[in-house]
Amino acid sequence: MSRQTISPDAWHSALADLRVAEKELTRAQDRLAAQRRRLPWSKVDGNYAFTGPGGTATLADLFDGRTQLITYHHMLRPADPSPCSGCCMVADQIPHLAHLHARDTTLTFVSKAPIAEIEAFRTRMGWSMPWYETKDSFNADFDVTSGFGLNVFYRDGPDIYRTYFTTGRGVETLGTVWTLLDLTPLGRQEDWEDAPEGTPQTRPYQWWRRHDAYD
């Protein structure tokens, strides 16, 4: 494939035009984040039980002494023959949690799989984030009836509040793979994208693999 080629000076001029649009997007994202921070809260009234490597835990325990909790609902299920590649791509991109801890925030994963299977899979994939088994209605009560999702909670003494939820492409905010691909001329190479003629594209999701399953 080929693209239009121009002189370095003309290229920098075209880049400057793009930078204007990028800055507009950054400011729009800042406004959206500000709106998200002002979203009303919903008090959590249910009692939920989890199982971790150290035994049983409550939702309050998942905060690990911090004020904020980000919970990713991973689709790993009991005796899962093919764990979700999208959820695994999200897990691959989780940052060093010390940076979140420095801002009084905990991140944890939850799944329906038994904790022994969670631990074995986490070891296989080389992940270190806290990960708990959930058996009760925790997923369903917080809008994860099937598939995956992300919930955010805030703890004020004994009280816990739900502050945010997203799923689908909203979860892309956790990932750097998509962000990095969006910087390239070929993009994500998925057929929904608006891309120059001749860009190779496949259906979304189908190219995703667990990181130990690529050819």
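Residues numbered from 1 in each chain as written. Predicted model: local features only at pLDDT ≥ 70, side-chain atom pairs only at ≥ 80, totals over all residues. Heavy atoms only, no water.

> Teacher, can you tell me more about unusual backbone geometry here?
With glycine set apart, most residues show a phi of negative sign, and most peptide bonds adopt trans. The backbone of Asp104 shows a phi angle near 60°, a positive value even though the residue is not glycine. Secondary-structure assignment places Asp104 in the loop between α4 (98–101) and β5 (105–111). Of the residues examined, Asp104 reaches a relative accessible area of 33% and is grouped as partly exposed. Phi is positive for Tyr205, which is not a glycine, with a value near 75°. (Helix = DSSP H or I, 4+ residues; strand = E, 2+ residues; numbered from the N terminus. Buried < 20%, exposed > 50% of the residue type's maximum accessible area, 1.4 Å probe, protein only.)

> What is the right way to look at the pairing of strand β3 (residues 55–58) in this model?
Here is the key point about a regular strand: its side chains alternate between the two faces of the sheet. Inspection of the sheet shows strand β2 (residues 49–52) paired to β3 by four bridges, in the antiparallel sense. In the sheet register, Gly52 faces β3, and the bridge partner there is Gly55. Connecting β2 to the next strand, β3, in antiparallel fashion are two residues. (Pairing = 2+ DSSP bridges.)

> It is not clear to me how the packing of aromatic side chains should be interpreted in this structure. Could you clarify?
When we look at a pair of aromatic rings, we describe it by the centre distance and by the angle of the planes. Scanning all chains against the criterion turns up 15 aromatic pairs. Plain terms: the ring middles of Phe121 and Trp127 are 5.6 Å apart, the flat faces sit at 85° to each other, and that makes the pair edge-to-face. Here Phe121 and Trp127 have matching classes, each one buried. Ring centres of Phe142 and Phe153 lie 5.2 Å apart, and the angle between their planes is 90°; this geometry places the pair in the edge-to-face category. One end of the pair, Phe142, is in the loop between α6 (138–141) and β7 (149–156); the other, Phe153, is in strand β7, and 11 residues separate them in sequence. Neither Phe142 nor Phe153 differs from the other in exposure class; each is buried. Following the ring pairs from residue to residue traces out a cluster consisting of Tyr48, Phe50, Phe138, Phe142 and Phe153. It is Arg36 that lies over the ring of Tyr164; its NZ or CZ is 5.1 Å from the centre. (Phe/Tyr/Trp six-rings, centres within 6.5 Å; stacked < 30°, edge-to-face > 60°. Lys NZ or Arg CZ within 6 Å of the ring centre and 35° of its normal.)

> Just checking my understanding: could you explain the pattern of salt bridges for this structure?
Once their charged atoms are close, side chains differing in charge can pair, the charge on each being opposite to the other. The final tally for this structure, using the stated rule, is 12 salt bridges. Ionic pairing is found between Lys43 and Asp45, a salt bridge with its closest N-O pair at 3.7 Å. One salt bridge connects Asp80 with Arg77, and the closest N-O pair in it is separated by 3.3 Å. Judged by relative accessible area, Asp80 falls into the buried class, the value being 15%. Judged by relative accessible area, which is 44%, Arg77 ranks as partly exposed. Within this structure, Arg169, Glu172, Asp182 and Arg188 form a network of salt bridges that share partners. (Salt bridge = Lys/Arg side-chain N within 4 Å of Asp/Glu carboxyl O.)

> Please clarify how the nonpolar core should be interpreted in this entry.
Taken as a class, soluble globular proteins show a tendency for nonpolar side chains to be buried jointly. Formed by 25 residues in total, the largest nonpolar core has its most connected members in Tyr72, Leu107, Phe109, Phe121, Trp127, Met129 and Trp131. Taken together, the elements giving at least two residues each to this core come down to β4 (68–73), α3 (85–92), β5, α5 (115–125) and β7. Beyond its immediate sequence surroundings of up to four residues, Trp127 is in contact with His74, Cys88, Ala91, Asp92, Phe121, Arg122 and His211. Core analysis: the next-biggest nonpolar cluster, separate from the first, contains 14 residues, Tyr48, Phe50, Ala57 and Val110 among them. (Core = buried A, V, L, I, M, F, W, Y, C linked by side-chain atoms within 4.5 Å. Contact = heavy atoms within 4.5 Å.)

> Got a minute to help me understand α3 in this structure?
Two residues of an α-helix separated by three or four positions point the same way, owing to the 3.6 residues in each turn. Of all eight residues making up α3, seven are buried, and the element is well covered by its neighbours. Here α3 has its buried residues at Ser85, Gly86, Cys87, Cys88, Met89, Val90 and Ala91. On the buried face of α3, the contacting elements are β4, β5, α5 and α7 (177–181).

> Is there a simple way to think about the sheet that holds β2 in this case?
The pairing of strands in a sheet happens through backbone hydrogen bonds and is either parallel or antiparallel. Spatial ordering of the open sheet is given by β1-β8-β7-β4-β5-β6-β2-β3, a layout of eight strands whose pairing is mixed. Because the sheet does not close on itself, it has two edges, and the strands there are β1 (42–43) and β3. Inspection of the sheet shows β4 paired to β5 by six bridges, in the parallel sense. Note on β5: the bridge partner recorded for Leu69 is Thr106.

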